[in-house]
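# Reading the structure
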Amino acid sequence: MNKEKSPYLPENATILNVEKMAEREKLFEIELDSGEPLNHEPGQFVEVSVPGVGEAPISISSSPTKEGNSFELCIRKVGNVTNVIHTLEEGDQIGIRGPYGEGFPVEELKGHDVIFIAGGLGIAPLRSLINYTLDRREEFEDIKILYGCRKPCELLYEDEVEEWRGMDNIDYRETVDECPDDVCWEGNVGVITTLIPGIDIDLENSYTVVCGPPIMYRFVLQELKQKEVPDERIYLSLERRMKCGVGKCGHCQINGKDGEFYVCQDGPVFNYDIVNDFEEAL
Amino acid sequence: MKPEEKPKVAFFDFAGCEGDQLQIANLEEKILDLLNIVEVVSFREVMTEHSDDYDVAFIEGSITDTHNEERLKEIRENADVLVAIGACATIGGINSIRNVQDFEKVQDRVYGDERDHYEAWEKAKPAKAVVDVDYEVHGCPIDRDEFLHVVQSLVMGREPHIPDHPVCVECKLNENVCAFERDEFCVGPVTRAGCDSCCVNEGTICWGCRGMIDNPNEDAHEEVLEEYGLTAEEVMNKFDLYFAWQKEVRKDE
Amino acid sequence: MKVIKKEDLKGFIDGLIEKGEREVVGVKSKDSKYVFDTLEDAEELELDYDVTILPPKKYFMPQRETLVEYKTKKGIDMEAVNEVIPRIIIGVHPYDLEAIKQMDKVFADSPEDYNYSEKRSKSILIGVNMQKTSEWSFAGSMGNATIDDGYDLMLTDLGDKYAVEIGSSKGRELLDEGSLKIRDAEPEEIEEVENIEEDIKNKFEKELDFSPEKLPWLLAQKYGDEDFWEENAEDCYSCGTCNIVCPTCYCFDVQDFNDISLEEGERMRQWDGCMLEAFAEVAGGENFREERAERYRHRYMRKGRYLYNRFGDIACVGCGRCSSQCVPDIADPTDIFNKLWRDKDE
């Protein structure tokens, strides 16, 4: 069959750099062997292929504004494919399909305040948009980043976070659920929702972008409701089982009384006003 | 993806018929391919040499007395990876029929006058009831291709694909006429797939040799079998042929 | 409309088999049931069947199919694979033709799935009007007792002859291929076919109490009634039978199968089912439809509402395969759909 024709055929790509970020997460810098840029939008994902093991959907963690043609994936070891990816090194080849899905509505966000709320690995897809807004800082108004993880040792992108801490044109706040006694931690201790009451949200002029584990959404959304943030000003990125990434295999469908979505095509980024009636979404 | 060094593997048998090792011995030309990825250091059915220096131990048969238990624990100590092969080792197998019978009678029937010389347990157990098991190859006997798949997976350090859905899936993919439509009754609806529904493909029924799936709807299936006219005892017999140990564990949970 | 004698059709089919340009597939008996299978002789063909175990979708989306072949010895080398066998498929009932029309839309939707569409375009569909109906079928209620398009040729049994309706240029060309003894239908023969088609509509033992266009609305109403779905799903085995035998189920799983050398292998897709427990489970263990009742509801929502929203078709064609093959007998769509109608809020 004609190579260009199959939506299931990955492109070859090479790992340029691997950085261990935490016990279960590594950051991979990858370039397509064609030398072409990935041409993605913040919030989109790719299907990463390890022939012989399988494919896994992974959100793209770098901003398209990043210099060069490479892109970055922050990958947690949670299954067969990601376990094997963690054994790969600089120079190793993998397969890539994509970019797929609807990312964050960058144009809609421009000219507004943007509040990022990231829990755990949720920072990975959000970072693609955070870095986009930081690279084009003048196109956005106030930027707030609320980042929480379970323990200080699970904090991802340590070097960048260190920069965010020192930046005076953004408001960066962080928290850990718990901190062992022997670890030095100057930030807040408590779940991510404890950071929300302390921030001022200009309801007229801001967007809130949330990403984290399924359990986090419910509590974060409750807090935002307390603050009277309108549903349509909240965007979230959802995770589902996916096999094809192109709206065929049926696995990532989310249902509700009023309709249904394919996370791979209609998402992974959704407006909360659209998915909040979907019983299966959150 | 191929690892540099071949793991050393050894085969051990407990209470069972050794039919699973026979399946492996019968891999024929594929056994040479297998030897490209592992080094066999002990396999009583096909070679005379034996070594206790192994990385992977394959266990066949169920564990039925204290002597078995101690020997299995020793093997577990020696091996990095332990694989249970065949229904006796994975779910107690045919041996566990006795788990639901009167033990006195079982002893009389099996050992007769010699019964006092044997200290068999009242209940047969699978390997995982005694030690940690890393991989399982289900079936009575095992499926050769699935065995190869599990070996490949352990060599590569990944989880094998072992289905957790009923045999009905494969039976329908093979476009079999359902046993229930032939006025026969099987336990395929609660049995773990992965056998390619081989028995039904040949016109018989599924006896359940791969054990129940993790979350079977056995209540519904018992009801259905009764609705189809089986007596309560016949229904129990269907379920106890291979599931006796699993059923007891599920009851205790 | 044309007319052909039964014995001449047989000869024509035997000619096609002998020619071997395309695989000739038709309905054959298997024990007490029927299946679509390769014909070695036109004698094997059973055109007065009720329903086949699996629908003919297996020829366009096989149960297992290689999508990609890979080699990993030096770096990685991957190639797309699509094994296309040109086929003539004889004896497709109208409800299955409708299902194929729906699947054509699903797989043509961007990005097009060429593994499906190339197999589909290389096939010729010869339909047949139903002579017998399965006791579980309600194709009449779903508007699929007969069909006006979706076939290349359509046969209707007229005793010792068949009426042949030509549905496409592919069908016309096929008739031109052999030295076929075929003639134009007489007006009374045309009328006879019309009468037969009218009669089929009343032949079904099962039926909906309402018009199927109401299904999307009824299902939306019932979505939140958890007790209803739990009650009906209580005996579900989660065995996926209803999915696998369904002519409009197309969900699939993809897995890599290595050669024993571990240096090459195939990435294969195989039919999956939303009723199976692991269907919505992600790596790490979170399962987004963990309960039987959630999965059971999902199937009905998908057949009667979701695919309708997306592609404009009610994705239940009324073949009755799911209900006839469900061992605990909980998969009859007319039972559930009629309950929705009974419980509706005006």
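Residues numbered from 1 in each chain as written. Chains lettered and ligands numbered in written order. Predicted model: local features only at pLDDT ≥ 70, side-chain atom pairs only at ≥ 80, totals over all residues.

## Some details on the overall build of chain A
Per the secondary structure count, chain A includes seven helices and 15 strands. Relative to the compact-globule value of 19 Å for 282 residues, chain A shows a C-alpha radius of gyration of 18 Å, a close match. For chain A, the spread of C-alpha atoms along the three principal axes comes to 55 × 50 × 35 Å. With 282 residues in all, chain A has 51% of them scored as buried. Sequence-distant contacts, at least 24 apart, represent 70% of the contacts inside chain A between residues at least 6 apart. (Helix = DSSP H or I, 4+ residues; strand = E, 2+ residues; numbered from the N terminus. Rg over C-alpha atoms; globule rule 2.2 N^0.38 Å. Buried ≥ 20, exposed ≤ 12 C-beta atoms within 10 Å, placed from the backbone. Contact = placed C-beta atoms within 7 Å.)

## Observations concerning the interface of chain B and chain C
Listed per partner, the contact involves 31 residues of chain B and 31 residues of chain C. Listed by contribution, the elements that provide at least two residues to the side of chain B that touches chain C are α2 (29-37), α6 (144-156), α7 (168-173) and α9 (218-227) of chain B. By residue number, the principal contributor to the side of chain B that touches chain C is α2 of chain B, which donates five residues. Looking at the side of chain B that touches chain C residue by residue, the classes come out as 16 nonpolar, seven polar and eight charged. (Nonpolar A, V, L, I, M, F, W, Y, C, P; charged D, E, K, R; others polar.)

## Quick look at the domain arrangement of chain B
Quite often, the size of an interface is put as the accessible area lost when its parts meet. Residue and element names in this part refer to chain B. Taken domain by domain, chain B holds domain 1 (8-156) and domain 2 (168-252). Here the C-alpha centroids of domain 1 and domain 2 sit 24 Å apart. With 17 residues of domain 1 at the contact, the number on the domain 2 side is 13 residues. Each residue belonging to the side of domain 1 that touches domain 2 can be placed in one class, and the counts come to seven nonpolar, seven polar and three charged. (Domains from an automatic or database assignment.)

## A short note on the confidence of the model for chain B
Averaged over all residues, the pLDDT of chain B is 91; the fraction at 70 or higher stands at 99%. On the interface metric, ipTM, the complex scores 0.93, and its pTM is 0.92. (pLDDT = per-residue confidence, 0-100.)

## Considering the packing of helix α6 (residues 215-222) of chain C against helix α9 (residues 292-311) of chain C
Residues and elements named next belong to chain C. Where α6 contacts α9, the axes come no closer than 9 Å and their chain directions differ by 120°. By the criterion of interaxial angle, the relationship of α6 to α9 is oblique. Like other packed secondary-structure pairs, α6 and α9 cross with a definite hand, here left-handed. Touching Leu215, Pro216, Leu219 and Ala220 of α6 are Tyr300, Met301, Gly304, Arg305 and Tyr308, all from α9. (Axes fitted to C-alpha atoms, helices over the stretch in contact; angles between N-to-C directions. Parallel < 35°, antiparallel > 145°, perpendicular 65-115°, else oblique. Left-handed = near helix turned anticlockwise from the far one by under 90°.)

## Quick word on the sheet that holds strand β5 (residues 135-137) of chain B
Residues and elements named next belong to chain B. Strand order in the open sheet formed by five strands is β2-β1-β3-β4-β5, with parallel pairing between adjacent strands. Pairing within the sheet leaves two strands with one partner each, and these edge strands are β2 (39-42) and β5. In this sheet, adjacent strand axes meet at a mean angle of 25° when their direction is disregarded. The sheet contacts of α6 involve β3 (56-60), β4 (81-85) and β5, and relative to β5 the element is tilted by about 165°. (Pairing = 2+ DSSP bridges.)

## Re the interface of chain C and chain A
In this complex, chain C contributes 39 residues to the contact, which on the side of chain A involves 38 residues. For the side of chain C that touches chain A, the secondary-structure elements that each account for two or more residues are β4 (64-71), β5 (77-80), β11 (252-258) and α9 of chain C. The greatest single-element share of the side of chain C that touches chain A, amounting to six residues, is contributed by β11 of chain C.

## Details of the environment of Pro64 of chain A
Residue and element names in this part refer to chain A. Examined against the element boundaries, Pro64 turns out to sit in the loop between β4 (54-59) and β5 (71-76). Distance from Pro64 to Gly103, taken between C-alpha atoms, is 12 Å for residues 39 residues apart in sequence. Contacts of Pro64, omitting those with residues within four sequence positions, involve His40, Glu41, Pro42 and Tyr132.

## Quick notes on unusual backbone geometry
Residues and elements named next belong to chain B. The amide bond that connects Cys140 to the next residue, Pro141, takes the cis arrangement and shows omega of 0°. In this structure, Glu28 is a non-glycine residue whose phi angle is positive, near 55°. Structurally, Glu28 is set in the loop between α1 (19-25) and α2. For Glu28, a count of 8 C-beta atoms within 10 Å puts it in the exposed group. Of note in the backbone geometry, Glu175 takes a positive phi value of approximately 55° without being a glycine. Residue placement: Glu175 occurs in the loop between α7 and α8 (198-201). Assessed through the 19 C-beta atoms surrounding it within 10 Å, Glu175 is described here as partly exposed.

## Here's the deal with the sheet that holds strand β7 (residues 113-119) of chain A
All names here are of chain A. Pairing in this open sheet of seven strands is mixed, and the strands run β10-β9-β8-β7-β11-β12-β15 from one edge to the other. The open sheet terminates on both sides in strands that have one partner only, identified here as β10 (188-189) and β15 (269-271). The sheet contact formed by β7 and strand β8 (residues 143-149) spans six bridges and is parallel. Looking at β8, one finds that Phe116 is bridged to Ile145. Sheet strands in contact with helix α3 (residues 123-135) are β7, β8, β11 (206-211) and β12 (234-237), and its direction is about 155° off that of β7.

## Focus: the packing of α6 of chain C against helix α11 (residues 333-343) of chain C
Residues and elements named next belong to chain C. Between α6 and α11, the shortest axis-to-axis distance is 10 Å and the interhelical angle comes to 75°. The orientation of α6 with respect to α11, classified from their angle, is roughly perpendicular. Packed against α6, whose contacting residues are Leu215, Leu218, Leu219 and Lys222, the element α11 presents Phe337, Leu340, Trp341 and Asp343 at the interface. Looking at the contact of α6 with α11 residue by residue, the class counts come to six nonpolar, no polar and two charged.

## Considerations on the domain arrangement of chain A
Residue and element names in this part refer to chain A. Its domain assignment divides chain A into domain 1 (11-100) and domain 2 (106-236). The straight-line distance from the C-alpha centre of domain 1 to that of domain 2 is 24 Å. Facing the 17 residues of domain 1 at the interface are 15 residues of domain 2.

## What about the environment of Arg98 of chain B?
With respect to the secondary-structure elements, Arg98 of chain B resides in the loop between α4 (87-91) and α5 (103-111). With sequence-adjacent residues up to four places away left out, Arg98 of chain B is seen in contact with Val106 and Ala124 of chain B.

## Some points on the nonpolar core
Ranked by size, the top nonpolar core spans 244 residues in total, and within it Phe116 of chain A, Ala57, Ile59 and Val83 of chain B together with Ile126 of chain C carry the most contacts. With residues up to four places along the chain from it excluded, the contact list for Ile59 of chain B reads Phe12, Phe14, Leu72, Leu82, Val83, Ala84, Ile85, Ala89 and Ala127 of chain B. (Core = buried A, V, L, I, M, F, W, Y, C linked by C-beta atoms within 7 Å.)

## Thoughts on the pairing of β4 of chain C
Residues and elements named next belong to chain C. When β4 meets strand β12 (residues 264-271), the two strands line up antiparallel, connected through seven bridges. Bridging across to β12, Lys71 finds its partner in Glu264. Counting the residues in the hairpin turn of β4 and β5 gives five residues, including Gly75, whose phi is positive at 60°.

## Some words on α6 of chain C
Along an α-helix, a turn takes 3.6 residues, which lines up residues three or four apart on a common side. Residues and elements named next belong to chain C. Those residues of α6 lying buried are Leu215, Leu218, Leu219 and Lys222. End-on, the buried residues of α6 take up no more than an arc of 95°, which puts them together on one face. Taken together, the buried residues of α6 touch α7 (226-233), α9 and α11. (Arc of directions from axis to C-beta.)

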